[in-house]
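Coordinate inspection notes
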Amino acid sequence: MSAARARTAWAVALGLALLAIVLRPALGESRLVPSASVLALVLGMVVGAIPPLRDRVAAGAGRVAKQAIPVAIVLIGFGLDLGPLVGSGAIGGSLVVVVVAMVVAFVSALIAGRLFGLDPRASLLLGAGTAVCGNSAIMAVAPTVQPDDEDIGLSIGAVNLLGVLMLVVLPPIATSLGSVGREGGSLAGLTVHAVPQAIATGEAFGAEGLEWATLFKLLRVAMLVPLVVALALTLARVRAAKGEGSGSGPGIPWFVVLFVVAAGLRATGWFAAEVAVAGDERALWAWLQSGGRIVLAAALAAIGVGLQLGTLLRVGPSMLAAGALTVTAMVAATIPLVRWLFD
């Protein structure tokens, strides 16, 4: 692929990402409106549906996604603040609850994916998005899992739709089962997909619910690094056993190490200095995190270019059904865990 085509693909992906970020506020502040990253995915699909545009961009779109994902994850690491979690003393038994809930999500995703005929790699993406933090988790494990771009786009679509649905249905379901206050908030933090959706769901259980939803969601996000490492080690062994690789290296992605470094630098306070850009003043770490979100949106836009309507219609309902079964199993397993934790 020529350098000119690569530059064109990057320009289009970044342009779509910025357009999505500009459009997002115009759609209102409703929590039901998808994130800028998902809007970028949709805009990419629009470009991919127009033959002249697709012909110019499609060749480089896959490379853009592969290059952008690691950079986005590292920059997003600057936004990870574990101070409130550590200060609350909530780690202890809570870590056990989080790990069990995540294992349930992955096992359920593999079983559901098999029931609905999904590729095992797509099931792993669903498991990661459900177990940890939606889009970011899917994009973080993608280089290790090595799925098709179509599976990435479809899993992100399913996870985001289910996250919005959870925002609406989880509070009344939890309340009817007696999970209110801190129990309800903890349940939201442990099961709802994206960070904003989890915190907003926790808010439905009052101030205490909001606090515990935030704490548990932070703990799940912190588990992204060990999750990627564990997947890398496991898949390396599986591929070696199948004769698909030498298995000599652990296969841990480089960006996982830099993600940890970024979070550590944030914790030092060195990136807390306020920086003003065009009248907008934010901490340096916040600007880096915002840059990560732009790059993540560009990666999703590039993935969207390669998605075809026929594939969406064929695989989309199965992906959504498998995702729904996965999150249902996670909620069912988490309710007794939360009650055990607070007994």
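Residues numbered from 1 in each chain as written. Predicted model: local features only at pLDDT ≥ 70, side-chain atom pairs only at ≥ 80, totals over all residues. Heavy atoms only, no water.

1. Here we look at the overall build of the protein chain
For the record, the criterion: Note on conventions: DSSP H or I runs of at least 4 residues are helices, E runs of at least 2 residues are strands, and numbering of each starts at the N terminus. Here's how the labels work: a residue is buried when its accessible area is under 20% of the maximum for its type, exposed when over 50%, partly exposed in between, all with a 1.4 Å probe on protein chains only. Two residues form a contact once any of their heavy atoms are found within 4.5 Å. Throughout, the Shrake-Rupley method with a 1.4 Å probe supplies accessible areas, and for residues the shown protein chains are the sole cover considered.
Per the secondary structure count, the protein chain includes 15 helices and 2 strands. For the protein chain, the proportion of its 343 residues judged to be buried stands at 49%. Pairs at least 24 residues apart make up 78% of the contacts formed inside the protein chain by residues separated by at least 6 positions. For the protein chain, the accessible area works out to roughly 14900 Å², and carbon and sulfur atoms hold 68% of it.

2. Considering the pairing of strand β1 (residues 274–277)
Note the following rule: What makes two strands pair is DSSP finding at least two bridges between them.
In this structure, β1 lies alongside strand β2 (residues 280–283), joined through 4 bridges in antiparallel fashion. Directly across from V275, in β2, lies its bridge partner R282.

3. Regarding the pattern of salt bridges
Cut-off, in case you're wondering: Whenever a carboxyl oxygen of Asp or Glu lies within 4 Å of a side-chain nitrogen of Lys or Arg, that contact is scored as a salt bridge.
All told, the structure shown has 1 salt bridge when counted by the stated rule. In this structure, D119 and R121 form a salt bridge, with 3.2 Å as the shortest nitrogen-oxygen distance. Owing to a relative accessible area of 29%, D119 belongs among the partly exposed residues under this scheme. Overall, the relative accessible area of 29% leaves R121 in the partly exposed class.

4. Digging into the side chain of T334
Applicable threshold: Polar contacts, as used here, are pairs of N or O atoms within 3.5 Å; protein pairs need one atom able to donate a hydrogen and one able to accept it. Residues neighboring in sequence count only if both atoms are side-chain atoms.
Mapped onto the fold, T334 is located in helix α15 (residues 309–342). Accessibility expressed as a relative area gives 0% for T334, which makes it buried. Among the polar contacts made by the side chain of T334, one reaches the main-chain carbonyl oxygen of M330 at a distance of 2.5 Å. Setting aside anything within four residues of it in sequence, one finds T334 in contact with A101, L187, L190 and T191.

5. Looking at the packing of aromatic side chains
Note the following rule: Side-chain rings of Phe, Tyr and Trp, where Trp is taken by its six-membered ring, are said to pair if the distance between their centres is within 6.5 Å; with planes under 30 degrees apart they count as stacked, over 60 as edge-to-face, and otherwise as tilted.
This structure, assessed with the given rule, holds 2 aromatic pairs. Seen from their ring centres, F78 and F271 are 5.1 Å apart, and the 50 degrees between their planes marks the pair as tilted. Residue F78 is located in the loop between α3 (51–76) and α4 (83–88), and its partner F271 is located in the loop between α13 (254–268) and β1; the two are separated by 193 residues in the primary sequence. The two residues F78 and F271 agree in class, both being buried. Centroid distance W212 to F216: 6.0 Å. Interplanar angle 35 degrees. Geometry classified as tilted. Residue W212 and its partner F216 are both found in helix α11 (residues 206–222); the two are separated by 4 residues, about one turn of the helix. Here W212 and F216 have matching classes, each one buried.

6. Comments concerning the environment of W270
Within the secondary structure, W270 is located in the loop between α13 and β1. For W270, a relative accessible area of 64% puts it in the exposed group. As for W270 and L284, which are separated by 14 residues in sequence, their C-alpha atoms are 8.8 Å apart.

7. Brief notes about helix α6 (residues 120–133)
To keep it simple, the criterion reads: Here the expected span of a helix is defined as 1.5 Å times the quantity of residues minus one.
Across its 14 residues, α6 extends 20 Å between first and last C-alpha, which sits within 8% of the 20 Å expected from 1.5 Å per residue. Within α6, 12 of the 14 residues are buried, which leaves it mostly tucked inside the rest of the structure. Here α6 starts with a cap whose side-chain oxygen sits 2.7 Å from the backbone nitrogen of R121, and that cap is D119. Remark: G134 follows α6 within two positions and exhibits a positive phi of approximately 65 degrees.

8. Here we look at helix α12 (residues 224–241)
The cut-off we apply is this: The arc under discussion is defined with respect to the helix axis, by the directions toward the C-beta atoms.
Look at α12: 26 Å from first C-alpha to last across 18 residues, which is about the 26 Å you get at 1.5 Å a residue. Of the positions making up α12, those classed as buried are L224, V225, L227, V228, L231, A232, L235 and A236. The buried residues of α12 occupy one face: seen down the axis, they fall within an arc of 160 degrees. In α12, the exposed positions that point more than 90 degrees away from the buried face belong to R237 and A241.

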